[in-house]
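If you want the building blocks of each chain, they are given just below.
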Amino acid sequence: MKHEHTHHVAADADKVYAALADIRNLPHYVPQMTKAEPHDGDKVTVEARYQGHTQHGEGWFKTDDDKRRIEWGAEGSDYHGWLQVDPDEDGSRLTLFVATVHGDAPDPEVMGTLDAIRRLVEADV
């Protein structure tokens, strides 16, 4: 299942992107994530809590500073996503795309995650 949502963020696009592009910051901005650590180039180790269970995983996390775009996924899985930060009239536009496995993340949950990211980033930058 694929989800794509956009939110306005009342903060400068470069600052929003810088906050989100640091993998170590993601547990602060993504409510389900409890740990994210980079290692070996684009590879990352993550820990998240879903429906009362802690899940561990490894994947990749790539940033493109010129485009203000972040992409992630997991080897051998259909799960992947991207986040794009674009300048907007009064701040920036944050677009989140997630392709989930077997439709395991309902659309309102994805929208809620994006809204949480927006609120926390606005408070920080």
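The model shown is predicted, which means the values in this text are computed figures rather than measured ones.

Caption draft 1: Looking closely at the sheet that holds strand 5 (residues 69–73). Taken in spatial order, the 7 strands of this open sheet run 1-7-6-5-4-3-2, and their pairing is antiparallel. The open sheet is flanked by strand 1 (2–9) and strand 2 (33–39), the only strands paired with a single partner. In this sheet, neighbouring strand axes are inclined to one another by 20° on average, regardless of whether the strands run parallel or antiparallel. Where strand 2 and strand 3 (residues 43–50) come together, 6 bridges link them in antiparallel fashion. Residue pairing across strands places alanine 36 opposite valine 46, the latter belonging to strand 3.

Caption draft 2: The pairing of strand 5, seen in detail. Among the 5 residues of strand 5, 4 are classified as buried, and the element is accordingly described as predominantly covered. With 5 bridges joining them, strand 4 (residues 53–64) and strand 5 adopt antiparallel strand pairing. Across the sheet, residue phenylalanine 61 finds its bridge partner in strand 5, namely tryptophan 72. Remark: 4 residues form the turn of the hairpin made by strand 4 and strand 5, two consecutive strands paired antiparallel; arginine 68 in that turn has positive phi of roughly 55°. Looking at chain direction, strand 5 and strand 6 (residues 80–88) are connected through 5 bridges and run antiparallel.

Rules used throughout
- Residues numbered from 1 in each chain as written.
- Predicted model: local features only at pLDDT ≥ 70, side-chain atom pairs only at ≥ 80, totals over all residues.
- Heavy atoms only, no water.
- Pairing = 2+ DSSP bridges.
- Helix = DSSP H or I, 4+ residues; strand = E, 2+ residues; numbered from the N terminus.
- Axes fitted to C-alpha atoms, helices over the stretch in contact; angles between N-to-C directions.
- Buried < 20%, exposed > 50% of the residue type's maximum accessible area, 1.4 Å probe, protein only.

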